[in-house]
Amino acid sequence: MDYKTRTKIARILIEGAIAVDTEVIILGWVRTVRISKNVAFVEVNDGSCMKNIQGVIENPENFPVLDKITTGAAVRMKGKLIESKGKGQKYEITVHSLDLVGVADSTYPIQTKRHTYEFLREIAHLRPRTNTFGAVNRLRSKIAFAIHKYYQERGFYYIQTPLISASDCEGAGDLFRVTTFNLDNIPRKEGAVDWHADFFGDETYLTVSGQLEGEVLATALGDIYTFGPTFRAENSNTSRHASEFWMIEPEMAWAELDDNMDLAEDFLKYLFHYALTECADDMEFFGQWIDKDLHRTLESVVNSEFERCSYTEAVKILEKAAQKFEFPIRWGLDLQSEHERYLTEKTFKKPVIVFDYPESIKSFYMRLNDDGRTVRGMDVLVPKVGEIIGGSQREERYDVLKDRMAKKGIKNLDNYFWYLDIRRWGTVPHSGFGLGFDRALMYMTGMTNIRDIQTFPRVPNWAKF
RNA sequence: UCCCCUGUAGCUCAGUCGGUAGAGCAGCUGACUGUUAAUCAGCGGGUCGCUGGUUCGAGCCCAGCCGGGGGAGCCA
């Protein structure tokens, strides 16, 4: 094969790195074919970029293989790069030889027309060959790289936290259990399941967050970040939730909530700006076909100063709001989606960071304020989506943390000895947050369903492919 | 988990009052001197989600089940 000698389409159409009249070999998949008596056009995409390159065949009768060159077929196309004689593209290829590498017969499900997302989800193994899903997957790669670039350039260390965990982090009952037990014959001792007999000698789960381990490393390396998968067994049936998703969780020692907000704001702006400038080809497609306001929305986030508003102020604003809400507003109640969207879309018309939430509605690890009733938690809210980041300054005082864990009803405190130990010796103020990778990508692309942002989504009742 | 909507050809959908199945696209065959989701002509294509019920007769009405979508909650 011509793996090493072929020219990727992006080199020609995006980078402009190939001179006219150069002999090139294109390896790719046929998007559409148009054949008439004296000329045929074969449009090929090789995945390297959004755009297709058009092969022109001036004497189709000499290319009997054209009969089998159909939408979806894999082909090798050799010819000379020329300036296009037709309208609609700058370059095209005068084809000298054309080989069918892999046939796609008439049962190939992707047609040269728009398909519904619902249909494409059922062919998740083929949808990356469409424009939309090609663009999504290219952007995923670029933004994953941008995330590493951002933190590495700022002296954060990338750490790998365990996916199998014995702690249930926030005490929620929404975990996937990990076991090697034969489910038809589970060992029991005095009536109860004998977890000592299980593989790890204890109950274990798929992690819901790498935060607690991240705190351990931050209080040794200073600044760290995690970037990996997490798992939630919640029966959430929405367009924004998946059972398996990737999170970015930076954690900084010596940092307080203000530093945390600064990082969250700067990080989001960096990612959006990176997408707009480094992925312009694919972003143009999203702006044209998925969300006409996409560029305006992203640019406004990049160029705005995020508003910072305490929970208490936010409640006052919402109480005075002219709008009727479905859910009640009262100090002590959590903000609902409709409230968050009102704040970011109506009141401030830009991203908002809400902070200092009531102690009663937030997790045990958030630092208790001097007022004794609020904690140093923060949520970053953006127009159109609402909450995109959740984070906090962590409770670094041993006694206060232990009390709050007990108060929050965490049962097996012994399992958290290590988490408490980092407060016992050399404790230090530290802060961090979590950004959902897939949700950030939804915002960047305008795609409205997480099942179409993840390549192989896992949601309740769906783990195919 | 709750509320609402939905399931008919490969895809997107229509199907009236309950009377036995339709269109566009795709596919196939042919035509066509540069096309851009090419165009034009012809042809083939159905377990109406499943099970049961009502009825002389059900794609249509009723019940249950299964699948899909949107919204809410939980959150990232």
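Residues numbered from 1 in each chain as written. Chains lettered and ligands numbered in written order. Predicted model: local features only at pLDDT ≥ 70, side-chain atom pairs only at ≥ 80, totals over all residues. Heavy atoms only, no water.

1. Considerations on the pairing of strand β2 (residues 40-45)
Here β2 lies mainly inside the structure; five of its six residues are buried. As judged from the six bridges shared by strand β1 (residues 23-35) and β2, these two strands associate in the antiparallel manner. If you follow V33 over to β2, its bridge partner there is V42. Between the end of β1 and the start of β2, which pair antiparallel, lie four residues. In terms of strand pairing, β2 meets strand β3 (residues 53-57) through five bridges, oriented antiparallel. By the bridge assignment, V42 is partnered in β3 with G55. (Buried < 20%, exposed > 50% of the residue type's maximum accessible area, 1.4 Å probe, protein only. Helix = DSSP H or I, 4+ residues; strand = E, 2+ residues; numbered from the N terminus. Pairing = 2+ DSSP bridges.)

2. Quick notes on a nonpolar patch on the surface
A surface patch of nonpolar side chains, amounting to about 400 Å² of accessible area, comprises L163, I164, F199 and F200. Of note, F199 is situated in the loop between β10 (192-193) and β11 (204-206). (Patch = residues over 30% accessible without salt bridge, like charges linked within 9 Å, V, L, I, M, F, W, Y side chains within 5 Å. Areas by Shrake-Rupley, 256 points an atom, 1.4 Å probe, with all protein chains shown as cover. Salt bridge = Lys/Arg side-chain N within 4 Å of Asp/Glu carboxyl O.)

3. Things to note about the environment of R6
As for its placement among the helices and strands, R6 is situated in the segment before α1 (9-13). In this structure the C-alpha to C-alpha distance between R6 and G222, which are 216 residues apart in sequence, comes to 46 Å. When sequence neighbours within four positions are dropped, the list of residues in contact with R6 reads I25 and L27. (Contact = heavy atoms within 4.5 Å.)

4. A look at the state of the cysteines
Within the structure shown, the criterion is met by zero disulfides. Not engaged in a disulfide, the cysteine C279 finds its nearest cysteine sulfur in C49; these two sulfurs lie 13 Å apart. Overall, the relative accessible area of 5% leaves C279 in the buried class. (Disulfide = S-S within 2.5 Å.)

5. Looking at the confidence of the model for chain A
Taken as a whole, chain A shows an average pLDDT of 93; of its residues, 99% reach a score of 70 or greater. Per the prediction output, this complex has pTM 0.94; the corresponding ipTM is 0.90. (pLDDT = per-residue confidence, 0-100.)

6. Some words on the side chain of T204
As for its position among the elements, T204 is in strand β11. Under the relative-accessibility criterion, T204 is labelled buried at 5%. Not counting residues up to four positions away in its chain, the partners in contact with T204 are I164, S165, F176, R177 and V178.

7. With respect to the sheet that holds strand β8 (residues 177-178)
Spatial strand order, β7-β11-β8: three strands in an open sheet with antiparallel pairing. Each edge of the open sheet carries a strand with a single partner, namely β7 (164-165) and β8. Pairing of β7 with β11 involves two bridges; the strand directions are antiparallel. Bridged to S165 within β11 is Y205.

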